Amino acid sequence: MITLPDTKYLFWIWALGLLLFLILVIVEFMRKSDHFYYRIIALSGCVLSLMGIVLKPAFPEKIQRKNLIILTDNYSQKVLDSLQRYSASQVVRWDSLSVDLSRFDKFHLLGAGIPVYDLWQMKDKSVRYVPAELPEGITRIKYASYITAGESVILQGEYRQSEANHVKLILNGPSGKKMDSTSVSISGTTQFLLKGPSFATGELLYTLEVRDTTSLLSSETVPVVAQAPTVMNVFIINDYPTFETRSLKQLLVSEGHKVTVRNKVTQDRYSYEYYNTRARQIDRLTSGLLQAVHVIIIDFDSFKGLTDSEYQELHRQMTEAGLALFIQPDEAMFHSGLERLPFSFSKADSKETVLKVNDEPLSVPTYSYRPVMKLGVEAITNFSTFPVFFFHHSGRGKIGSALLTKTYQIGLQGDTISYNRIWNTVFDRLLADVNEAIELDRQMVYENEPLQVFWFSKDEKPFEVKYRQELLPPIQTALIPEQWSSQLWPDKKGWDELVFIRDSLRRYSFYVHDAADWKTVRQFERINANIRAFGAFTKLSESIKKKDEVTEQIPIEPIWFYLIFLGCAGYLWIEPKF
Amino acid sequence: MSQGKKILHNIKTRWRFYRWVETSIYAVCLALIAYSFAGTVAAFITFIMGLSMIMLLLRPWDLNMATVVQLVNLQLKAIHYSAECLLANPVSLTRLGKIQQRKTAYLLAEKRRQVKVPIPVKRIALIFCLFSMVFLGTRYVPLTNQMTSPHITAGDLVLPADTLAENYNWPVVESLIVDITPPKYTLLSSFTQNGPGINVVEGAYAKWEVRLSHAIDGIDLITSANKVYPMKAEGNVYTCGARLFQNGFYSFRFTNGIREYVSDLYEIKVIPDNPPELVLRGVPIHTYFDYNQPKVINITCDVQDDHGITDVYLIGTVTQGSGESVKFREEKLFFDAGWEKGSKRLTLSRRIDLDQLAMGPGDELYFYAETLDNRYPKTQKNRTETFFVGVKDTTKVEFSLAGSLGVDVMPDYFRSQRQLIIDTEKLIKEKKTIPAQSFKSKSNELGHDQKALRIRYGKFMGEEFATTSPGQERGAPEPDPKTGPKDPLKAFMHDHDGDNEHHLVEDHDHDDHSEDKQNKEGNDPLHAYQHIHDDTEEATFFTMSVRQKLKQALTEMWDSELYLRLYQPEKSLPYQYKALRLLKEIKNHSRIYVHRIGFEPPPIKEESRLKGDFDEVISRTKTVYHVSTEPYTSLRNSIPLLQRLLTTNATLDIEQKALLEKAGDELAGLIIQQPGQHLETLQSLRKVLTSDSDPVSRAALIEKALNGVVQAVPSLLPKPSVENTGEHILTQLFRLNLDSIRRRKP
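Residues numbered from 1 in each chain as written. Chains lettered and ligands numbered in written order. Predicted model: local features only at pLDDT ≥ 70, side-chain atom pairs only at ≥ 80, totals over all residues. Heavy atoms only, no water.

## Remarks on the sheet that holds strand 26 (residues 438-440) of chain A
Residue and element names in this part refer to chain A.
1) Next: Here four strands make up an open sheet; going across it, the order is 26-28-32-31 and the pairing antiparallel. Each end of this open sheet is capped by a strand with a single partner; those strands are strand 26 and strand 31 (475-476).
2) Next: Relative to strand 32 (residues 483-488), strand 31 runs antiparallel, the two being bridged by two bridges. Residue pairing across strands places glutamine 476 opposite tryptophan 484, the latter belonging to strand 32. (Pairing = 2+ DSSP bridges. Helix = DSSP H or I, 4+ residues; strand = E, 2+ residues; numbered from the N terminus.)

Take a look at the structure:
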């Protein structure tokens, strides 16, 4: 029986159709045509065919629902054969999927699984996933894609093998020269860590090779972007000049940072020094002054002597803008009990410690105190057995201090490299994060796969992001209004970039891998993602043995109604002519 | 509608249609012009606007029946201007009118084809042709004369330096000979270098000879110091020469017409001529002779040089006298003859007799050896350190510890009494652990030191003779005729129980002595007021008590020395303590304590500190701009560029070429500092810049350059930088909550 779809306009469609039919019948009657009845039939045909096009009537049909077996990479033939023995299920490959998934009720997924970006297609469907064997090789990899020039490239990962073969993992630099290597010779999963220096600013490609005793097993590209270091704007506020401040100031100036120094001469009289920056009044710490500052280095006496308003402003800048504060210690600081100071200390015996900055150990004098590592207090460096540099979070910013008394001696002894490394590490940890970020939804980007791009903007209108001269349409995240996202499809292997336009042009580079790169890592991720989405099944379900039948309404093709309408309308038009 | 009216209507419709067509044609003409200059969109806009404007002008719709009737009347004479009646209503017409109407309608129907709608065909055609011509002209005839405006593309006139890709018949280098002539003074013979790389002595003259298969315009030799030496042509043989003084590299530039070819880079390594080296043997730095012993020293000198020694000699300075009357006499002493100038290695000897130099006691000779090599034009000199030889003057009292211990040199320090006590206590502690011989030797040594100390303090007493002891000074006690001879050692023993032998109790020796002196010397009224320092009894440096104490201290020292020499240090310790106590008292005694008088400033008031008048105290400002120069910036920045070229095989743009050129310059500087390294890298880098070779060989060049640059560039130190992360409301809430947790007191 023909059925009509349930629509709220059904009554009106019928009513209008009937009304039209009546009007046309009346007109025909008044015309007193010779072929009145034929014309009425034609009129009926026209009106009914128009209603049929609008209402889409359907015929019921019984459909025998089948299970669908979806094959992906590395599926098990044995499992497939077992499945097919139970029922004549249709078998398709995910790569060349051409069936309507909605026609199937149950799915069996075999192999490495569906790509992560396609998992949404199987949402709310009944899927039994039989995962493939976990691949052998590098299964996990983690490294920082963006580093500062001079920082080491550090690769951490896992290597998996079922047998105890001896393999070597080698990290090669941009020229192909070996930087670091490690060996794996046990079966199972072994963690590894490789390190290599960065030589320059820019986009660099490292290579991770896996070799056994005879041949190269795999070679993967590790793309790294080495950014130029930040030029810091540093304020140094001291009650009187010291050697420690002097050597620190020289280090900062020699590296090109903007340094402003204020030393107290007497009450309301100061000595100002400006290095690589223009001169300006810094008698009082005001909001306008502190806005552009990255780090303030202040001795304890000056810190204690800050007025309430200055301290409030400083605190506000730290919590909201991420200003870093470093307090140069003195003996009084450790038992001051000052409320502004977020640290507490315990007495210690030794007045010296050994630092391991480079290969040579350095003996450096310290105050005979140790910081209490309570909640919020973290160590800045791991150069010693206990924290010699530490900081406390203060909103977006950090307050740091140290236990070392005379670090300048390290430089005077000739080891300027260690001195530089110590202080650069301290400032690197203290500097706040910047909120001008573009993030990708994953670290490894592959050609012809969708890539989600996220960026953050506090303004109502987000700043523009362009990809290959085209603006990316932003979508605002509902729960996080500052977060915007867009999707793009990189289609070419190699370095690519996004350009985001705010006050100036900034470029965000990323590397697009070939589909065959990092194969084992991708497979491992995919298997795990599919297991998380669908669970893992090892026993076949009995439900596959039953055949389901469902009645479905199949709509009549509208072309029939169209043809009927044409015929009837044609007759109505041509008939008077003859 | 009547037939006539119908015909008139048709004429009107037709006429209106033609007017619309005319309007459209004009609009299309304008659109064509717009299209030829500004494209489709402009043409469309122009058509719409043009159509609107022309419509307003021509008003094609503005046509009424009266106009049509007029037209018909004009064109159809036969109807005798009665076309208007066709429009009239027949009911309102008279019979005649109706007849006329019918007749007119009939005529009109018959001759309707004679009615021509006035279309300005010519005008339309003319305008259309005109605009079409302009349109076609802009399409096919260039706007500017390309012959007059130069249109040179890059690459038309500038040919690649490597013209091998152009099938040009470059000449073949048949031979490349480098003749090296070392400097004459080196006495090295000339030779021909094998290969274009040069390894020569500093100052050598190199002559290059290049023979080609056929002559070209010219060849230039270009060195790393950016000096260009044009080669002299003799047929197809090209020569040039240069004197080499420093490390570097060179290449050839072949020029023929507008074509150029630059060869590979070749190394120049220069071996410097080092100064000669010499060493004196056979004589210690300090040598002293006694007057009565042979004062002869035998010196041996070893000299060596790269190419030849011209001269070797000793420069001696003899000093005579001391203080202000010292005299210096410089002499040049030659080594024994028999050595040849120009030798590279020599061992020379010389015997110096101090007597021959007329040196007496107290005179000293300072000498050093000096040598000159045969370098030309500027000789190189070198010398040894200074040696000291002297003749002792035994007439002066010296703190000589020569004697049984066999120590000939002056001690570096002078042991104080406190130090002697410490060493004695230490020796006593060690007595059981060290051999007896060693113990005795150390005890004796301490005795010597005690003696030296005693002599030193004895100087203040005017004692000239160290060998006298208090006992001897006092003289041997005269035997009492009544009691008989006494113990001969008694005088040397420290016996406090006896009489005031050591004058522990202050006496009045001064007065006594003065009386004695008066008695001795007769009446000398000034004697009491004189400072007589020569007489030990009359020494008047100190007051009596101090002198007595000093004397007593010396006595204690005597006793201490006695027991030390008798290898009984434990017995000497009490005497040493006493001597020390006395010396301390002497020191304190000679101090004058004066009550402080004068200005005593008031104590500082902390509350008013730093609150003075600061009008004259000004704040100081200093501004410095320091440009941080990271070395090898371009070399570093070329690494990502080379890697990208390797993976993409793209061509270089102007900026990238400039970067690679700067990187090459930095690498050249590095090569000069480290000769023999990175030359191939520089070559590869230059070929990458200039070469247009096939992709495979270009990739090999780039890879080679990349490997070399990565090895050449020193590693970077880590620097601080900000991290880019996303900050949003959730992170802020997290931080606020974290802060509130921390602030919560337990």
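## Focus on the interface of chain B and chain A
1) Next: At the junction of the two partners, chain B supplies 47 residues and chain A supplies 68 residues.
2) Next: Summed over both sides, the interface between chain B and chain A buries roughly 5100 Å², with carbon and sulfur atoms accounting for 55% of that surface.
3) Next: Broken down residue by residue, the surface that chain B buries against chain A is led by Lys719(B), Pro720(B) and Arg742(B), which jointly contribute 13%.
4) Next: Taken together, the connections running from chain B to chain A amount to two salt bridges.
5) Next: For Arg644(B), the salt bridge is made with Glu203(A), and the minimal N-O distance between the two is 2.0 Å.
6) Next: On the surface where chain B and chain A come into contact, there are 15 residue pairs in polar contact (both at pLDDT 80 or more).
7) Next: Secondary-structure elements contributing two or more residues to the side of chain B that touches chain A are strand 21 (620-624), helix 12 (633-648), helix 15 (695-712) and helix 16 (729-743) of chain B.
8) Next: Of the pairings in the sheet, the one linking strand 16 (residues 269-275) of chain A to strand 21 of chain B comprises five bridges and is parallel in character. Bridge pairing in strand 21 of chain B places Tyr274(A) opposite Thr623(B). (Contact = heavy atoms within 4.5 Å. Buried area = accessible area lost by both parts, 1.4 Å probe. Salt bridge = Lys/Arg side-chain N within 4 Å of Asp/Glu carboxyl O. Polar contact = N/O pair within 3.5 Å; in protein donor to acceptor, adjacent residues only side chain to side chain.)

## Considerations on the confidence of the model for chain B
1) Next: The predicted model of chain B has a mean per-residue pLDDT of 79, with 77% of residues at 70 or higher.
2) Next: In this model, residues 495-521 of chain B is a region of pLDDT below 50 whose contacts with residues beyond four sequence positions or in other chains number 33 contacts. (pLDDT = per-residue confidence, 0-100.)

## Some remarks on the sheet that holds strand 27 (residues 445-446) of chain A
Within a beta sheet, neighbouring strands are joined by backbone hydrogen bonds and run either parallel or antiparallel to one another.
Residue and element names in this part refer to chain A.
1) Next: Within the open sheet, the five strands sit side by side as 27-34-33-29-30. Their pairing is mixed. Of all the strands in the sheet, the pair left with one neighbour each is strand 27 and strand 30 (470-471).
2) Next: Bridge count between strand 29 (residues 464-467) and strand 33 (residues 494-501): four bridges; the pairing is antiparallel. Note on strand 33: the bridge partner recorded for tyrosine 467 is leucine 498.

## Focus on the packing of aromatic side chains
All names here are of chain A.
1) Next: Tallied over the full model, the rule gives 33 aromatic pairs over all chains.
2) Next: Geometrically, the ring pair formed by phenylalanine 303 and tyrosine 311 is edge-to-face, given 6.1 Å between the ring centres and 75° between the ring planes.
3) Next: Through a chain of ring-to-ring contacts, the aromatic side chains of Phe334, Phe343, Phe345, Tyr367, Tyr369 and Phe390 assemble into a single cluster.
4) Next: Above the plane of the ring of tyrosine 369 lies lysine 347, whose end atom (NZ or CZ) is 4.8 Å from the centre.
5) Next: A cation sits over an aromatic face here: arginine 522 above tyrosine 446, 3.8 Å from the ring centre. (Phe/Tyr/Trp six-rings, centres within 6.5 Å; stacked < 30°, edge-to-face > 60°. Lys NZ or Arg CZ within 6 Å of the ring centre and 35° of its normal.)

## Details of the nonpolar core
1) Next: Residues Ile296(A) and Phe389(A) are the most contacted members of the largest nonpolar core, which totals 66 residues.
2) Next: Per element, the largest residue contribution to this core is six residues, and it comes from helix 9 (residues 416-430) of chain A.
3) Next: Excluding residues within four positions of it along the chain, Phe389(A) makes contact with Phe326(A), Glu378(A), Ala379(A), Ile380(A), Thr381(A), Ser401(A), Ala402(A), Leu404(A), Ile422(A), Trp423(A) and Val426(A).
4) Next: Core analysis: the second largest hydrophobic core is formed by 56 residues, Val222(A), Val688(B), Ile702(B) and Val710(B) among them. (Core = buried A, V, L, I, M, F, W, Y, C linked by side-chain atoms within 4.5 Å. Buried < 20%, exposed > 50% of the residue type's maximum accessible area, 1.4 Å probe, protein only.)

## Section: the packing of helix 2 (residues 36-55) of chain A against helix 11 (residues 558-574) of chain A
Residue and element names in this part refer to chain A.
1) Next: Across the interface, helix 2 lies against helix 11 with an axial gap of 8 Å and an inter-helix angle of 150°. Here helix 2 is positioned roughly antiparallel relative to helix 11, judged by the angle of their axes. Where helix 2 crosses over helix 11, the handedness of that crossing is left-handed. When helix 2 is examined against helix 11, the residues Tyr38, Arg39, Ala42, Leu43, Gly45, Cys46, Ser49, Leu50, Gly52 and Ile53 are found in contact with a partner set consisting of Pro558, Phe561, Tyr562, Ile564, Phe565, Cys568, Ala569, Tyr571 and Leu572.
2) Next: The class makeup of the residues in the contact of helix 2 with helix 11 is 15 nonpolar, three polar and one charged. (Axes fitted to C-alpha atoms, helices over the stretch in contact; angles between N-to-C directions. Parallel < 35°, antiparallel > 145°, perpendicular 65-115°, else oblique. Left-handed = near helix turned anticlockwise from the far one by under 90°. Nonpolar A, V, L, I, M, F, W, Y, C, P; charged D, E, K, R; others polar.)

## Here's the deal with the confidence of the model for chain A
Atom-level detail of predicted coordinates should not be read off regions where pLDDT is low.
1) Next: Summing up the model confidence of chain A, the mean pLDDT is 86 and the portion of residues at 70 or higher is 94%.
2) Next: Here strand 35 (residues 548-555) of chain A stands out as the element of chain A with the lowest mean pLDDT, 68, in contrast to strand 17 (residues 295-299) of chain A, whose mean of 95 is the highest.

## A short note on the pattern of salt bridges
Opposite charge on two side chains makes pairing possible when the charged atoms of those side chains draw close.
Residues and elements named next belong to chain B.
1) Next: The final tally for this structure, using the stated rule, is 35 salt bridges over all chains.
2) Next: One salt bridge connects glutamate 585 with lysine 549, and the closest N-O pair in it is separated by 3.3 Å. Placement of the pair is glutamate 585 in helix 11 (residues 569-589) and lysine 549 in helix 10 (residues 544-565), with a sequence separation of 36 residues.

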